[in-house]
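The residues making up each chain are set out below.
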Amino acid sequence: MGEESRSDRETSPSENDGQRVDALVVGSGFGGAVAAARLAQAGFSVTVLERGRRWRAGEFPRSPQLHNDWLWNSDHGLYDVRWLDSMLSLQAAGWGGGSLVYANVFARPAPNLFDERWPLGERRADLDPYYDLAGTMLEVSPVSVDPKTGQFPPRTAILENLGQRLNIAPATIRPNLAVHFGSPNLWSPNTHTVHQRGCSFVGECILGCNQGAKNSLDYNYLAVAEQNGARAITDSEVVRIEPDDDGWAIWSREEGGARRVRRTASRVFLAAGSVATTELLLRSRDVDTTLPDLSPTLGQGFSGNGDYIALSNVRQGSGDLTTGPTITTTTVLDVWERSEPVWFQVQDGAVPPVLAALLDRKLPLPRVRAWWRSRRRRDSRRTMALLSMGRDAGTGQLELDKQGEARLRWLNRWQAPLYHAEGRVGPAVARIIGSPVRTPISWSLFRRPVTVHPLGGVPTGGDRDTAVVGPDRQVHGYPGLYVMDGSVIPAATGANPSATILASAERAMEGIIRDVTGDHSWRAPEWERVRRVPVPEDEAYRWMADRRRQTAGDGIFLDETMHERSARGAQAGRLQVRLEIPSLDSFKADPLHRLPVSGTLALAEVPGTHSVTGHLNMFPQHDDHLMKYDLEFTDEHGQAWSATGIKRQGGRGPIARYRGLTTVDITARRVNDPSAVLSTVFVLHPRNVLANGRSMRATGFTAARRVKAFLVFSKFFVRGVFGL
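Each value, and the rule that gives it
Residues numbered from 1 in each chain as written. Predicted model: local features only at pLDDT ≥ 70, side-chain atom pairs only at ≥ 80, totals over all residues. Heavy atoms only, no water. Pairing = 2+ DSSP bridges. Helix = DSSP H or I, 4+ residues; strand = E, 2+ residues; numbered from the N terminus. Patch = residues over 30% accessible without salt bridge, like charges linked within 9 Å, V, L, I, M, F, W, Y side chains within 5 Å. Areas by Shrake-Rupley, 256 points an atom, 1.4 Å probe, with all protein chains shown as cover. Salt bridge = Lys/Arg side-chain N within 4 Å of Asp/Glu carboxyl O. Buried < 20%, exposed > 50% of the residue type's maximum accessible area, 1.4 Å probe, protein only. Core = buried A, V, L, I, M, F, W, Y, C linked by side-chain atoms within 4.5 Å. Contact = heavy atoms within 4.5 Å. 1 Å grid on protein atoms, 1.4 Å probe; cavity = no way out; pocket = protein on both sides within 12 Å on 5 of 7 lines; lining within 4 Å. Points joined across faces, edges and corners; volume = space filled by probe spheres on them. Nonpolar A, V, L, I, M, F, W, Y, C, P; charged D, E, K, R; others polar. Axes fitted to C-alpha atoms, helices over the stretch in contact; angles between N-to-C directions. Parallel < 35°, antiparallel > 145°, perpendicular 65-115°, else oblique.

Colleague: Help me understand the pairing of strand 30 (residues 663-670), please; the structure alone is not making it clear to me.
Modeller: Looking down a regular strand, the side chains alternate between one sheet face and the other. As defined by bridge partners, strand 29 (residues 640-648) adjoins strand 30 across six bridges and the pair is classed as antiparallel. Among the inter-strand pairings, S642 is bridged to a residue of strand 30, identified as R669. Sheet topology note: the strand 30/strand 31 (residues 673-683) ladder contains eight bridges and is antiparallel. The partner of D665 across the bridge, within strand 31, is V681. Linking strand 30 to strand 31, which pair antiparallel, is a turn of two residues.

Right, dumping it as structure tokens:
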């Protein structure tokens, strides 16, 4: 494409726009929209160059024919699909950039994700106020009920039920969405005086919203920019950038490539997306040589944000899974993979029937089409996507191929723990929903990941040797040239990155405008009405992090049943409890080997069967007993009791120790009446020994980890029985 650009300059008619402005913004996605709005509000003359068209509600493609406005490369359509050799990247083309087709999720990364790769001043606490500003601009809120049914989408219930069945319900939340929920038949002005309709729950967010309910950037930031005088030029693809006398000159290809236009400005803000911005800068350095002193780090630090997709056809009775916004839930997972913790998120995803039909017709090769059809079956309305993202290594390298187009150096082994963990989700979900979960052919056959969240490529740092731009987003060695999009996000966010791109751009633009104008009190006018946007994902982050610490080494649970022995030898009562070890690592490190106990207790001298809770010390170190129970229960009269049960060593040798393990001396005391004391003995019959052993189950994210946990506990128990 570099050679093509030279040829275009030689043969295409060219003209000078003749209108010098204060700022040229290249791209109208999340970073470009913020730059345009804030510069215009601050009184600068602004022109925004967008290669795509202005898509309005009702104009987004829905045809099952691929050549009808779908692809940028064929007819300057909505989607730009880039095959980067080792990864497939998807982005949008149009006034609003990626916001036109993203899944609306407004989410903040976990605070501990902001490591040393992030510039000082751009940690989570620094960005939180700007997240609130961006969330206020986009008017975000969690999913509402479907106006047609009065119910939440079926996918919401499926994922929340999965969380319950996996015992991680607090890790599943309903994230904030940039969607206008209200009457789907009524046009009404939003906060920015742009008219919208309420969501109609057709599940087509990723195809562009023909309802006018998606809070894409053309309904907020870009509208604000135009209301304050910014000039929008669509069908303008920037192909060259070069220094000018007192600023910058930008060359763009317009009218479908029929002419080339040169525009000048004092400052330029690049925001064409991670791939396109990095590609433009690489060409400027290595092909056009208009920016020869760009940092050698250009192209480094590329991340696919750990994106991973799987598809499932859910069994009958699940309802129409295509309804609702594309994403309605987020589940945070923090699991052990190959002896190290791996953190990622999983979201439900609607697969629009139009997209399914398009793939049916246009996937290449009969075998590939058959593969797709076998996975979606006949009823596409029962197809659901599981969309994962996490913290990949972020060590990809973008560079130019011989045609001057971007390619990516990427090794899957750098992300092996993350990809393995994400790949485990499908089988785990399939076991519960009873339906297979499979990955796309790009991964299952070719091992090529797909990203819809490309990040990085333009490192940030203090000097040219270590970074392309400084903390102020200005390119080292080229004053007045700034980068404002996801290419300057230094690492995977592990969450949908749009909110972080917005917040980071808001903070940067505030600083830039203050520096340029000298008004160090300048701030966006919307600060006057900024609200604290709820952060439901933070609770999920904290809960799952605590759970990981509490389940290190995975766990074991088993049921134990013992019977009371009366003076006459008859069975009079029963102790039936579950013994649970959440974390074998913590259990083994504890000298008392303490574990929680819950179940029921019946005693001959205390009428009724009582719920009992407490703890068991199993083979405690330095004690003269084998096990000790500390239990609590309340009788049917509301009286509280405490009970202590001791399994004593019956003598030396394994036979004697076994006998000790099958007999428990229990002393129970009424808490408010010290004189009410009873003593009894419970025994473990041989038939119960076998039943207790069969009840033992391991807990862990993978089968291999469960087997390992089973073996670790078995070894511990055998050593305890034999006194080793």
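Colleague: Please clarify how a nonpolar patch on the surface should be interpreted in this entry.
Modeller: Side chains of V707, F710 and L711 sit close together on the surface and give an oily, nonpolar patch of about 280 Å² of accessible area. Counting through the fold element by element, V707 comes out in helix 17 (residues 703-722). Overall, V707 belongs to the partly exposed group, its relative accessible area being 49%.

Colleague: What is the right way to read the nonpolar core from this model?
Modeller: What tends to happen in soluble globular proteins is that the nonpolar side chains get buried as a cluster. Y221, F344 and M484 are the most contacted members of the largest nonpolar core, which totals 98 residues. It is helix 12 (residues 498-517) that contributes the most residues to this core, nine residues altogether. Setting aside anything within four residues of it in sequence, one finds M484 in contact with G31, A35, F269, L270, A271, R473, I501, A505, A508, M509 and I512.

Colleague: What's the story with the layout of surface pockets in this structure? I'm lost.
Modeller: Space left empty within the atom packing is revealed by a probe, the size of a water molecule, rolled over the atoms. By volume, the second largest pocket amounts to about 1100 Å³. Of the residues contributing to the lining of the second largest pocket, the split by class is 20 nonpolar, nine polar and nine charged.

Colleague: Please explain the environment of A691 as it appears in this structure.
Modeller: Here A691 shows up in helix 16 (residues 686-694). When the C-alpha atoms of A691 and E560 are compared, they prove to be 8.2 Å apart, with 131 residues separating the residues in sequence.

Colleague: Would you mind going over the packing of helix 15 (residues 654-661) against helix 17 with me for this structure?
Modeller: To characterise two packed helices, one gives the angle between the axes of the helices and the distance between these axes. Helix 17 packs onto helix 15 with a crossing angle of 110° between their chain directions and a minimal axis gap of 8 Å. Between helix 15 and helix 17, the interaxial angle falls into the category roughly perpendicular. When helix 15 is examined against helix 17, the residues P654, R657 and L661 are found in contact with a partner set consisting of G720, V721 and F722. Its residues placed into classes, the contact of helix 15 with helix 17 shows four nonpolar, one polar and one charged.

Remember that the coordinates give geometry; whether it matters functionally is a separate question.
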